[in-house]
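# What the coordinates show
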Amino acid sequence: ARLTEKVLRPVQALRIETRLKCRQMSKEDLVELQGTVTEIFAGGHYKVNCGEGHEVLAKLNGKMRRFRIRVIIGDRVTVGVSPYDLKKGFITYRAK
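Throughout what follows, the structure given in this document is the object of discussion. This structure is a prediction, so every number in the text was calculated from the model and none was measured.

A full pass over the atoms with the stated rule returns one salt bridge. Where E55 meets K47, a salt bridge forms, and the shortest distance between an N and an O atom there is 3.8 Å. On the accessibility criterion, E55 (33% relative accessible area) is partly exposed.

Next comes the structure, spelled out in C-alpha cells:
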C-alpha cells in the first residue's frame, strides 16, 4: 500500500497544480484580433468581421463603456477573444 501511495502523490500534486492554473485564466489571456464592425445589436453587442469569413459577436470593454467611446459600423477595432470560444469577445480598442 505504501508503494502505491508514493506513486500517486506526485500525480495528485500535478492535478492540483493544473486546477490552480486553470483558475488563474483571466481576461488578460485573450487572443487579439483586428476587424471591422459590420452590425450593431441591442444591448451593446456588435458583430465584427475579422477577415476570411470569421465573425465575432463582441461587446464593449468596461473602460470603453466607462468613458463612453462610441463605435459605429465601419470602425476598425481590436477584439479580445477567449481561446475557449472564438465566436464571442470584447472590443478593447477602436482605431482612429
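So that's the structure; there's more coming.
This next bit is on the pairing of strand β1 (residues 31-41). In this structure, β1 lies alongside strand β4 (residues 76-81), joined through six bridges in antiparallel fashion. Each bridged residue has a counterpart across the sheet, and for L33 the counterpart in β4 is V79. Two strands pair when backbone bridges link them, and β1 and strand β2 (residues 45-49) are joined in this way by five bridges, in the antiparallel orientation. By the bridge assignment for β2, F41 is matched with H45.

Glancing now at the nonpolar core. If you look at the biggest cluster of nonpolar residues, it comprises 13 residues, and the most contacted ones within it are V48, V71, V77, V79 and I91. Counting only elements with at least two residues in this core, the list comes to β2, β3 (55-60) and β4.

Cut-offs used in this document
Residues numbered from 1 in each chain as written. Predicted model: local features only at pLDDT ≥ 70, side-chain atom pairs only at ≥ 80, totals over all residues. Heavy atoms only, no water. Salt bridge = Lys/Arg side-chain N within 4 Å of Asp/Glu carboxyl O. Buried < 20%, exposed > 50% of the residue type's maximum accessible area, 1.4 Å probe, protein only. Pairing = 2+ DSSP bridges. Helix = DSSP H or I, 4+ residues; strand = E, 2+ residues; numbered from the N terminus. Core = buried A, V, L, I, M, F, W, Y, C linked by side-chain atoms within 4.5 Å.

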